[in-house]
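Here are the chains, one letter per residue:
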Amino acid sequence: MSDDAPLAQRQIALVDLLDRLLAGGVVLAGDLTLRIADVDLVRIDLRALISSVNENVPSPWESGEE
């Protein structure tokens, strides 16, 4: 299959997909609202960044002490 085929036509292994996503990073965002009779009871906002960490790009949470 050629590289210019639409993504819907391509078959990509799950591990390859995860490798591509983690190499560049992924931002997940979502909102969830529980509503009864037009009254908002619960609202949840989700913001998450998923990325790989290596020696060239260290974790921002490292203390620097080993």
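A few points on the structure. If you're wondering where the values come from, they're calculated on a predicted model, not measured in any experiment.

Successive side chains on a regular strand alternate, one facing one side of the sheet and the next facing the other. Relative to strand E2 (residues 39-50), strand E1 (residues 26-36) runs antiparallel, the two being bridged by 11 bridges. Paired with Leu 28 across the strands is Ala 48, a residue of E2. Hairpin remark: E1 followed by E2, antiparallel, with 2 residues in the connecting loop; positive phi at Ala 37, about 50°.

Another point: unusual backbone geometry. Backbone phi values are negative for most residues with the exception of glycine, while trans is the configuration of most peptide bonds. In the Ramachandran plot, Ala 37 falls in the positive-phi region, its phi being about 50° despite a non-glycine side chain. Relative to the helices and strands, Ala 37 is located in the loop between E1 and E2. A positive phi is found at Asp 38, a non-glycine position, where the angle reads about 60°. The exposure class assigned to Asp 38 is exposed, which follows from its relative accessible area of 70%.

Each value, and the rule that gives it
Residues numbered from 1 in each chain as written. Predicted model: local features only at pLDDT ≥ 70, side-chain atom pairs only at ≥ 80, totals over all residues. Heavy atoms only, no water. Pairing = 2+ DSSP bridges. Helix = DSSP H or I, 4+ residues; strand = E, 2+ residues; numbered from the N terminus. Buried < 20%, exposed > 50% of the residue type's maximum accessible area, 1.4 Å probe, protein only.

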